[in-house]
Amino acid sequence: MASISFNLSSAVLEWARKSMGYSLEQAAKKIGVPNERYEAWEKGEKLPTYKQLEELAEKVYKRPLAILLLKTPPTENPIKKDFRNLSNAEITNLSPDLRVALRKAKRYQLILEEVASTEEPPKFKQFKISITDNPLDAARKLRELLDLSLEEQKSWKPETSFGNFRRLIESFGVYIFLMKLPIEEARAFCITGDFPIIVLNKDDSKYATIFSIFHELCHILLNQNDVFKDVQKGNLSKEYKEIELFCNLFSAAFLVPEDSFNKNVEYLKLVKDNISDSQIQKLAYTYNVSNEVIARKLLTRRLISEDFFWGRKRFWDSMAKSAKERANEKRKDEDPHGINQGIKLIHEKGRPYVANVVNAYQKGFISSADLSNYLETKFNHLPKILERLNA
């Protein structure tokens, strides 16, 4: 079989490696060659085989093969420019998984610019907030705009609350995706623009992701890209600490309106520094939110201490992680052949994104190859996707 001839730019290969945060040694280990051989590729002294080049593109750098065959590195905004809340040290130490997720989200946004309808301005543009606003008032006004009554929220079954909140915000013109992210690096992140995107961590609990939706929505309304780490001590500047506090207060106030919560605090006769897990759980169940949301509101009222909040939060996070792992194992046992691709795709990429891509294909604006590429699935899964979209 004849070998395939190709040219490879050493500058492009170096750019691809650095964009993933890999050292020369790490890249060599990933592709399974000695350090010296990989270094020779980047210096232009030797060429990988075509198969090795394909593996570099697909498995190591998560890029289309065509990108690695460019003569010069493509132009991409540096992460620091897109996410100003991250310190230089955090950017340097970003994991390859998070780098790929940030890149994919930006790609989805570009795809939406191509396929989504722009006949009417998205609803989120009707609502303006500023860091100088009162976050509690801003949350109350947004509930009014979205016409979400507390009675409706309380009537939801616990297992449907995440889906209901997600659909509410998707109807507002915000696209919500689920990806596997390193939980210690990001609970969620968002990218602003005409087609704003929120990416939630698949490994987080559903209740935790509900809080993340509204935290990231707040950043979108403030026109601020964000990576939400939610840690006790971080490297944020004073400016971004204020923004994070604003968005935490906004999210908690949207999910648990102030007037109602104040009445419950009085009714339950909650006493400072003497609040039990069962009392927190009871309130969380009432509003279909996580224990953490209730604890945040108690912390704001100084009914619990910072140490108590973060101690319980770490405990609840560990419990949620264990429950998620058990649920995943149970799902595998119940369905050894895997989940329905239509269900999986819409769950991970969101109904609005999938519907826009499918609609563009049905109208002849994109090809079947584009459809598979944009949805990252096989074309023969289309019937299941349509079945789920029409359900």
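Coordinates for the structure precede this section.
Since we're looking at a predicted model, the values are computed, not measured.

*Asks:* Hey, could you go over the pairing of strand 1 (residues 175-179) for me, with residue numbers and the actual values?
*Replies:* Taken across its five residues, strand 1 has five buried, putting it largely inside the fold. Alternating residues of strand 1 divide into Tyr175, Phe177 and Met179 and Ile176 and Leu178, and every residue in both groups is buried. In terms of strand pairing, strand 1 meets strand 3 (residues 197-201) through five bridges, oriented parallel. Residue pairing for strand 3: isoleucine 176 is matched across the bridge by isoleucine 198.

*Asks:* Tell me about the sheet that holds strand 2 (residues 188-191), and name the residues and values.
*Replies:* Sheets are built from strands paired through backbone hydrogen bonds, the pairs being either parallel or antiparallel. Taken in spatial order, the four strands line up as 1-3-2-4 in an open sheet, and their pairing is mixed. The strands lining the two open edges of the sheet, one partner per strand, are strand 1 and strand 4 (226-228). Strand-to-strand twist in this sheet, taken as the mean axis angle between neighbours without regard to direction, amounts to 15°.

*Asks:* Can you break down unusual backbone geometry residue by residue, with the values?
*Replies:* Residue aspartate 147 is not a glycine yet carries a positive backbone phi of 60°. Tracing the backbone shows aspartate 147 in the loop between helix 9 (135-146) and helix 10 (150-155). The residue lysine 269 is not glycine, and still its phi comes out positive at about 55°.

*Asks:* Hey, could you go over empty space enclosed by the protein for me, with residue numbers and the actual values?
*Replies:* Any space left empty among the atoms is revealed by the rolling of a water-sized probe across them. Inspection of every chain in the model, using the stated rule, returns one cavity of 30 Å³ or more. Here the largest cavity defines a volume of roughly 30 Å³. Here the element with the most residues in the lining of the largest cavity is helix 12 (residues 206-221); it accounts for three residues. Considering only residue class, the lining of the largest cavity consists of three nonpolar, one polar and four charged.

*Asks:* Would you mind going over the layout of surface pockets in detail, with residue names and values included?
*Replies:* Roughly 1,000 Å³ of volume is contained in the second largest pocket. Together, 28 residues line the second largest pocket, and Arg63, Glu76, Arg103, Lys104 and Lys106 are the ones closest to its centre. Where the lining of the second largest pocket is concerned, the elements lending two or more residues are helix 1 (10-19), helix 6 (79-82) and helix 8 (96-115). Examining the composition of the lining of the second largest pocket, we find that 10 residues originate from one element, helix 8, more than from any other. Partitioned by chemical class, the residues of the lining of the second largest pocket number 11 nonpolar, five polar and 12 charged.

*Asks:* Account for the packing of aromatic side chains, with residues named and values stated.
*Replies:* Applying the stated rule across the entire model yields 14 aromatic pairs. Measuring from ring centre to ring centre gives 6.4 Å for tyrosine 22 and tyrosine 61, while their planes differ by 40°; the resulting arrangement is tilted. With tyrosine 22 in the loop between helix 1 and helix 2 (24-31) and tyrosine 61 in the loop between helix 4 (50-60) and helix 5 (65-68), this pair connects stretches of sequence that are 39 residues apart. The exposure class assigned to tyrosine 61 is buried, which follows from its relative accessible area of 0%. The ring of phenylalanine 254 is capped by arginine 143, whose NZ or CZ atom sits 5.3 Å from the centre of that ring.

*Asks:* How would you summarise the environment of tyrosine 361 if you had to cite specific residues and measurements?
*Replies:* With respect to the helices and strands, tyrosine 361 occurs in helix 19 (residues 351-362). For tyrosine 361, the residues in contact, after removing those within four places along its chain, are Ile366, Ser367, Ser368, Leu371, Phe379 and Leu382.

*Asks:* Break down the pattern of salt bridges for me, with residues and values.
*Replies:* A side chain of one charge can pair with a side chain of the opposite charge when the charged atoms of the two come close. Using the criterion set out here, one finds 24 salt bridges in the structure. The residue glutamate 258 makes a salt bridge to lysine 297 at a minimum N-O spacing of 2.3 Å. Pair noted here: glutamate 258 is in helix 14 (residues 258-267) and lysine 297 is in helix 16 (residues 291-300), with a separation of 39 residues, a long-range link. In this pair, the class of glutamate 258 matches that of lysine 297, namely buried.

*Asks:* Go over the nonpolar core with me, naming the residues and quoting the values.
*Replies:* Counting 62 residues, the largest nonpolar core has Phe254, Leu255 and Ile294 as its most contacted members. Ranked by the residues each element gives to this core, the list is headed by helix 13 (residues 238-255), at nine residues. Dropping the residues within four chain positions of it, isoleucine 294 is found in contact with Val256, Phe261, Ile280, Leu283, Ala284, Tyr287 and Val289. The next biggest cluster of nonpolar side chains, apart from the first, holds 38 residues, and it includes Ala101, Ala186, Leu345 and Val357.

*Asks:* Explain helix 20 (residues 368-375) to me, and be specific about the residues and the numbers.
*Replies:* Among the residues making up helix 20, those that are buried are Leu371, Ser372, Tyr374 and Leu375. Of the surrounding secondary structure, the elements contacted by the buried residues of helix 20 are helix 8, helix 18 (341-349), helix 19 and helix 21 (382-389). Glutamate 376, located one to two residues past helix 20, shows a positive phi value of around 55°.

*Asks:* Any details on helix 3 (residues 35-43)? Residues and values, ideally.
*Replies:* Those residues of helix 3 that fall on the buried side of the exposure criterion are Tyr38, Ala40, Trp41 and Glu42. Summarising the contacts, the buried residues of helix 3 are in contact with helix 1, helix 2 and helix 4. Backbone geometry just downstream of helix 3 places glycine 44 in the positive-phi region, at approximately 80°.

*Asks:* Help me get a handle on the environment of valine 231, residues and values and all.
*Replies:* Along the chain, the position of valine 231 falls in the loop between strand 4 and helix 13. Separated by 98 residues in the primary sequence, valine 231 and aspartate 133 place their C-alpha atoms 24 Å from one another.

Criteria and cut-off values
- Residues numbered from 1 in each chain as written.
- Predicted model: local features only at pLDDT ≥ 70, side-chain atom pairs only at ≥ 80, totals over all residues.
- Heavy atoms only, no water.
- Buried < 20%, exposed > 50% of the residue type's maximum accessible area, 1.4 Å probe, protein only.
- Helix = DSSP H or I, 4+ residues; strand = E, 2+ residues; numbered from the N terminus.
- Pairing = 2+ DSSP bridges.
- Axes fitted to C-alpha atoms, helices over the stretch in contact; angles between N-to-C directions.
- 1 Å grid on protein atoms, 1.4 Å probe; cavity = no way out; pocket = protein on both sides within 12 Å on 5 of 7 lines; lining within 4 Å.
- Points joined across faces, edges and corners; volume = space filled by probe spheres on them.
- Nonpolar A, V, L, I, M, F, W, Y, C, P; charged D, E, K, R; others polar.
- Phe/Tyr/Trp six-rings, centres within 6.5 Å; stacked < 30°, edge-to-face > 60°.
- Lys NZ or Arg CZ within 6 Å of the ring centre and 35° of its normal.
- Contact = heavy atoms within 4.5 Å.
- Salt bridge = Lys/Arg side-chain N within 4 Å of Asp/Glu carboxyl O.
- Core = buried A, V, L, I, M, F, W, Y, C linked by side-chain atoms within 4.5 Å.

Remember, this is a structural readout, not a statement about activity or role.
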